[in-house]
Amino acid sequence: MVIAAASEEAVPAEAHPTSEDASEIASNIKYHSLYDPYFSPFRFEPEQAYFATAKSVRDRLIQRWNETYLHFHKVDPKQTYYLSMEYLQGRALTNAIGNLEVAGAYAEALKKLGHDLEEIAEQEKDAALGNGGLGRLASCFLDSMATLNLPAWGYGLRYRYGLFKQQFSKDGQEEVAEDWLEKFSPWEIVRHDVVFPIRFFGHVEISPSGSRKWAGGEVIQALAYDVPIPGYKTKNTISLRLWEAKAVAEDFNLFQFNDGQYETAAQLHSKALQICAVLYPGDATESGKILRLKQQFFLCSASLQDIIARFKERREGKGPYPWAEFPTKVAVQLNDTHPTLAIPELMRLLLDDEGLGWDEAWDITTRTIAYTNHTVLPEALEKWSQDVMKKLLPRHYEIIEEIDKRHVNGVAQLHSDILKSDLFADYVSIWPSKFQNKTNGITPRRWLRFCSPELSNIITKWLKTDGWTTNLDLLTGLRQFSDNEELQSEWASAKMANKYRLAQYILQVTGVSIDVNSLFDIQVKRIHEYKRQLLNILGAVYRYKKLKEMSPDERSKTTPRTIMLGGKAFATYTNAKRIVKLVNDVGAVVNDDPETSSYLKVVFVPNYNVSVAEMLIPGSELSQHISTAGMEASGTSNMKFALNGCLIIGTLDGANVEIREEIGEDNFFLFGAKADEVPRLRKERENGLFKPDPRFEEAKQFIRSGVFGSYDYNPLLDSLEGDSGYGRGDYFLVGYDFPSYMDAQAKVDEAYRDRKRWLKMSILSTAGSGKFSSDRTIAQYAKEIWNIKECPVP
C-alpha cells in the first residue's frame, strides 16, 4: 500500500468540475481519486493519478458536450453523421487539455499532487479502434468538425481487442490481443437508454398487399458508448458514438444451463461478444466472412436507427414525419467501402419500417448518403458472395439487386483521376458529376502543436501569431525567413530536442542506442508489398555492404544514418511478415557490427500506434513514402512528416504529388516510375525485357548468402524475380525503381552534409504544408457535399 505524499495530503478533496485554477483542479483530481475510485484506497501512484486526472478533464468535457447538443437541439441544423469501421484516436488526455487550453493548469495541479504531467499522460493506452491511415484520418476529421463548430457525430464499433498488439520472437512478428479495455476507458460514457435491435439471418415475409418484411433469424442488441471530441479553442464538443453488441437476459436459457448445456445456454451471448471482439477478423473461412459482414451491418444498422430516431424526436408534436425533409436535416458520410451497407439498410428502414414507396425512399437515400473511396487496390473493395449476403441479409440482397453504388469522391487528385479513368470508368460515363476530389488532411493540433511544442513555439514566434493552428495557410509566412540564420539555428535546436526524445524512446523499447547526430530516416505505415518497405530494407542492405567494403577513412566521409521502420503486418499476410522479419534480422547484424555501427543503424520500432507516431514524426528528418506509383490512394503520414519539417523521399504517388507541388520540387527527393508508366513496365517485364540493375542483384545475393541469419528469405526474394506468375514477376516494380531510389538516396546524403541547405529545405517543407490541414478538407466536405453550416455554442 502506498501512502499519499505530504504535498498530496495538503490538497483538499473537493469537486470543482469546471475550474481553470490549478489548486482547484488539484482538488478535483483528488476528489475523483477518493469518490470515483477504481483501485484500493490510499493508492495514488501514476496509474491511479491518470484515471483521476482523466475523470477531472471529463467533467469539463461533459459540461461542454451537454451545452453543444442542447444548442444543436434548439437550432435544429442539418447534421453530418460520419460512419467509419476505424478510428485511431491516440491518447485523449494531452489532446483534450490542449484543445481546452488548460495544459499548463493541469501540469501545475499534478505537481501539487506530487506527479509530473508527462509521466501521467504516459499511463494512457491508445484506444485500439483502428489499424492505419483510414482510422487516423477519421479521427483527424472529427477533431476538425469540432474545431470548425460543425454539427456532427462520428459512429464506430467498440472493439474489445482492436487489431492486435505486435510482439517479436525469433520467428518474427507475433500477434497478441490488445488490452486497452482491460481496466476500462475513463473517456467513454455508456448510454443505457440508447439500444437498438440488429437482426441477422431469417427470411423475407410477403404480406397479401405485396409489402415485404424481414423476420426470424437472430437479434442482437446494439448499446451506445459515447466519447467526447473537443474542438480547439471552442466550446463545441461533439460525440464519437461506439456500438457494443450484447444479448439480453431472456436470451440466456436457464433450463439448458441447469441441464449442464452451458455453451448452448449462452449461445447468443457468445455470438454477440464475437461481433465487437476484434477489428478485421480473418476471413479465409465462411464463418470469418459472415463475422466481417455482421460487423459492417451492425455498425450501419445501429447508426441509421439512431439517426432516424433523432430525426423523429425533433419532429415530436409537429404532426406526421415529412420524410422528404430528411436529407435537409441529415447527411451520412461513408468512410470507405466498409459501411456501404448503409445504403440498402436505409432503403429497408424507409420501405419496410416507415412504409415509403421505392421512388421516394431511393430519392431520400441518394440525397442523404455520400461515399468516399480510399483505395485503388481491387482487393480492398468489399466483395461478398451472393450466398453469404443472401444467407445473412436476405432482405438487403433483394434491395441491392435493384440499386447501384452512388456519390464517389477520391482523397488525392491523382487518386480521383485513377478512379475516373480506371476503377470506376463505367460509372463515370453514366454519372460524371457524382465523382469529386477532396484531398485528405491532418489536424495541426495533434500533429504539430501538441506533439512538437518546441517547433510550434518557434513558428508562433516568427509568424507573430499562433493563428496557424486553425489557419494552417499562415505557415507560408515562414518562407521569407528560410535563409535567416537565427531561425535556422532555433529550428535545428528544436529538431535536435525531438531527436533526443526519440533516441531515448528507441533505447527504452528496443535496447538499441542511436546517434542523434546521424540522419533520422523513418518509414512507418501498415506493412504491405505496395508500400515497399522491401525497397527500403534492400537499400539498407546495399548501403551496409558498401560500408563493409570501404576503408575506415572512406567510411568517415559518409553520412551516418539511422533507418527506422515500423508498422503491423496483417496476421495472415505471409510476405508482409517476412519483410518485418528481414528488417529485424538486418538490424540485429548491422547494429552490432563494430566496423559500421557508427555509420548505419537499422531499427524496427515495435507496436506502431498514434502515440509512437507522436514521438517518431517530430524527431524525423527524412521520411520514405515510396509506394509503387498509382497504388497509394493518398497517404496522410507524408503530410504529418512534411508539416514537422521532415523531408520526403518518394514516388509520384498519392498525396506526394500535391505535397511536392506545395513545398517545391527542390525540397522533395523524387524517384521512380510514374503512374501512367506502370502498366507498360509490367507488360515489358512479362515479355522478358527487364534488365536488373547490378546493385539490385548484389543486395538480393547478399541476403541469400546467409549473412543475416539462417531464415529462408527465398520465397520473399522470389517475388521480385521471374517475368510473371503468382508471387513472381515483381508486380510492385521494386527492381525497376531500385536504381533511381539509390540515386535519390545519394542526393539525400549530399544534401544532409550541407547543414544550411538542409535546414532551409526543412523550413520550406513546413511552410508549404498549409493545404494539408484536415480543417480545409472538412470545410470542403461541409460546403460541397454535406451542405452543413457551422453552429457554434454561444
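Residues numbered from 1 in each chain as written. Predicted model: local features only at pLDDT ≥ 70, side-chain atom pairs only at ≥ 80, totals over all residues. Heavy atoms only, no water.

Caption draft 1: Representation of the pairing of strand β3 (residues 165-169) within the structure. Bridge count between β3 and strand β4 (residues 172-176): 5 bridges; the pairing is antiparallel. Its bridge partner lying in β4, Gln167 is registered against Glu174. Linking β3 to β4, which pair antiparallel, is a turn of 2 residues. (Pairing = 2+ DSSP bridges. Helix = DSSP H or I, 4+ residues; strand = E, 2+ residues; numbered from the N terminus.)

Caption draft 2: Main features of helix α20 (residues 453-463). Within α20, burial applies to Leu455, Ser456, Ile458, Ile459, Trp462 and Leu463. Angularly, the buried residues of α20 cover 160 degrees about the axis, an arc narrow enough to put them on a single face. The elements touched by buried residues of α20 are α19 (444-450), α21 (485-510) and α32 (755-767). Of the residues one or two after α20, Lys464 is the one with positive phi, at around 60 degrees. (Buried < 20%, exposed > 50% of the residue type's maximum accessible area, 1.4 Å probe, protein only. Arc of directions from axis to C-beta. Contact = heavy atoms within 4.5 Å.)

Caption draft 3: Structural detail: the pairing of strand β14 (residues 519-524). By the criterion of burial, β14 is predominantly enclosed, with 6 of the 6 residues buried. Burial along β14 is two-sided: the residues Leu519, Asp521 and Gln523 and Phe520, Ile522 and Val524 are all buried. Both β14 and strand β17 (residues 622-625) contribute to a ladder of 2 bridges, which runs parallel. Bridged to Ile522 within β17 is Ser623.

Caption draft 4: Quick look at the packing of helix α22 (residues 533-549) against helix α29 (residues 694-704). The geometry of α22 relative to α29 is characterised by a closest axis approach of 9 Å and an angle of 85 degrees between their N-to-C directions. Compared by their axis directions, α22 and α29 come out roughly perpendicular. Counted together, Leu538, Val541, Tyr542, Tyr544, Lys545, Lys546 and Glu549 of α22 and Arg695, Phe696, Glu698, Ala699, Lys700, Phe702 and Ile703 of α29 form the full contact between these two elements. Per-class residue counts for the contact of α22 with α29 are 8 nonpolar, no polar and 6 charged. (Axes fitted to C-alpha atoms, helices over the stretch in contact; angles between N-to-C directions. Parallel < 35°, antiparallel > 145°, perpendicular 65-115°, else oblique. Nonpolar A, V, L, I, M, F, W, Y, C, P; charged D, E, K, R; others polar.)

Caption draft 5: Molecular detail of the environment of Ser762. The residue Ser762 is located in helix α32 in this model. Sequence separation of Ser762 and Asp775 is 13 residues, and the distance between their C-alpha atoms is 23 Å.

Caption draft 6: Quick peek at the sheet that holds β14. The parallel open sheet is built from 6 strands, whose spatial order is β16-β15-β14-β17-β18-β19. The two strands at the open ends of the sheet, each matched to only one other strand, are β16 (600-605) and β19 (668-670). Sheet twist, expressed as the mean angle between neighbouring strand axes with direction ignored, is 20 degrees. The pairing of strand β15 (residues 561-566) with β16 spans 6 bridges and is parallel. Pairing of Met564 across the sheet is with Val603, part of β16. On top of the sheet, α22 reaches β14, β15, β16 and β17; it is set at about 155 degrees to β16, its chief contact. In this fold helix α31 (residues 734-753) packs onto β14, β15, β17, β18 (647-650) and β19, with an angle of close to 155 degrees to the strand it touches most, β19.

Caption draft 7: Region of the structure containing unusual backbone geometry. Its identity is not glycine, yet Lys233 carries a phi of approximately 55 degrees, on the positive side. Position of Lys233 relative to the elements: it lies in the loop between β8 (218-230) and β9 (237-246). For Lys233, a relative accessible area of 38% gives the class partly exposed. The backbone of Tyr280 sits at a positive phi, close to 50 degrees, despite the residue not being glycine. In this fold, Tyr280 is placed in the loop between α10 (267-275) and α11 (286-315).

Structural measurements only, silent on function.
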